[in-house]
Amino acid sequence: MNEPINIRELNELVAGKHNFVNLITQGMDQAIVGQKHLVDSLLIALLANGHVLLEGVPGLAKTLAIKTLAQVIDAKYNRIQFTPDLLPADVVGTMVYSMQNEQFQIKKGPIFANFVLADEINRAPAKVQSALLEAMQERQVTIGDHTFKLDSPFLVMATQNPIEQEGTYPLPEAQVDRFLLKVVIGYPTKDDEKLIIRQNISPAKRSVQPLLRPEEILEAQKVVEQIYLDEKIERYIVDIVFATRYPADYNLKDLTSIISFGASPRASIGLARAARAYAFLRQRGYVIPEDVRAVCHDVLRHRIGLSYEAEANNITADEIISEILDKVEVP
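These remarks concern the structure in this document. (Residues numbered from 1 in each chain as written. Predicted model: local features only at pLDDT ≥ 70, side-chain atom pairs only at ≥ 80, totals over all residues. Heavy atoms only, no water.)

**What to know about the sheet that holds strand β8 (residues 155-160)**
Across the sheet, which stays open at both edges, the five strands sit in the order β2-β5-β8-β1-β9 with parallel pairing between neighbours. Looking along the sheet, the strands with just one partner apiece sit at the ends: β2 (77-81) and β9 (181-184). Between one strand axis and the next, the sheet turns by 20 degrees as a mean value, whatever way the strands run. Sheet topology places strand β5 (residues 115-119) next to β8; four bridges connect them, and they run parallel. Residue pairing for β8: Ala 118 is matched across the bridge by Ala 158. Against the sheet, helix α3 (residues 36-47) touches β1 (52-55), β5, β8 and β9, its axis set at about 175 degrees to β9. (Pairing = 2+ DSSP bridges. Helix = DSSP H or I, 4+ residues; strand = E, 2+ residues; numbered from the N terminus. Axes fitted to C-alpha atoms, helices over the stretch in contact; angles between N-to-C directions. Contact = heavy atoms within 4.5 Å.)

Structure follows, in structure tokens:
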């Protein structure tokens, strides 16, 4: 008897905190035209306290999106342009000798911010990419003998270009798995593109004003953590993830030769966290199967390994996920 009362209380709690989502969306709309999925994905990552990997051709507002988000929230924002000659110290910082004090001092790198844009992350070698690992997973940075906690909220948004492969370094699986979402950005519609042209050739440029404080994001994250996740939804999430590992057990024998390795337990955690955040965006205090399905492609597409046979037949991870969602029983 207590459960419906708790759900009602959660719905009221979510409704009370939901105004800030409208403020963020309103602020983002001042600079970003269309790209609703991109904006929603950033909000899901922010609410679920995760990171986003964006893949798309140049010019689709990937960089502008996170910069605008940082301006709307009045948070510290740093952009790191990844290049082949970048060093780990250029990301996290290093020890610098001070002649005046006759001792080494710590110079913090650009990773010390609320929002970090790792632009074209696949242009830097693995040594530099791994410098992000501790920061993304542990929310801390070690420089010399000193360990520093990173500020909250902390969101890394990395971008990569899918069409240029010369001079790029594919992200290691361990690095890719740290991203809560991998979002593929498409071209805008004709109407959106006309509006983009109009905005960018207009002499009056819109400036984005801060509408929120970082503390309000932390409060919203705490509400998202309380959103009710039923045991049936948990079982549904586990079934989806296990279907990527043992497809034959779910009447998906055709996928056995196509998948070289399935999603990790981090995918199950990511699905639950992202589904909660999606439910919050839909002003609900509980998760339904549609929430899981809505975020499933973004959470899983970078966590499923494709075999040579899949690549030879141009089979994508998205097609595999769609087939799994069609077969796995919905609670």
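What follows picks up the thread again.
**Comments concerning the pattern of salt bridges**
Overall, the coordinates contain 13 salt bridges when judged by the stated rule. Its salt-bridge partner being Asp 40, residue Lys 36 comes within 2.8 Å of it at the nearest N-O pair. Of this pair, Lys 36 and Asp 40 are both found in helix α3, four residues apart, which corresponds to roughly one turn of the helix. According to the relative accessible area criterion, Lys 36 is exposed, its value standing at 55%. Between Arg 301 and Asp 298 there is a salt bridge, with the nearest N and O atoms lying 2.6 Å from each other. Through salt bridges with shared partners, a single ionic network connects Asp 177, Arg 266 and Arg 303. (Salt bridge = Lys/Arg side-chain N within 4 Å of Asp/Glu carboxyl O. Buried < 20%, exposed > 50% of the residue type's maximum accessible area, 1.4 Å probe, protein only.)

**Some thoughts on the packing of aromatic side chains**
This structure, assessed with the given rule, holds two aromatic pairs. Where Phe 112 meets Phe 148, the ring centres are 6.0 Å apart and the plane angle is 85 degrees; that geometry is what we call edge-to-face. With Phe 112 in the loop between β4 (103-108) and β5 and Phe 148 in strand β7 (residues 146-149), the pair connects residues that are 36 residues apart, well separated along the chain. By relative accessible area, Phe 112 is classed as buried at 10%. Relative to Tyr 246, the ring of Phe 242 has its centre 5.8 Å away and its plane inclined at 45 degrees; by these criteria the two rings are tilted. Residue Phe 242 is classed as partly exposed on the basis of its relative accessible area of 33%. (Phe/Tyr/Trp six-rings, centres within 6.5 Å; stacked < 30°, edge-to-face > 60°.)

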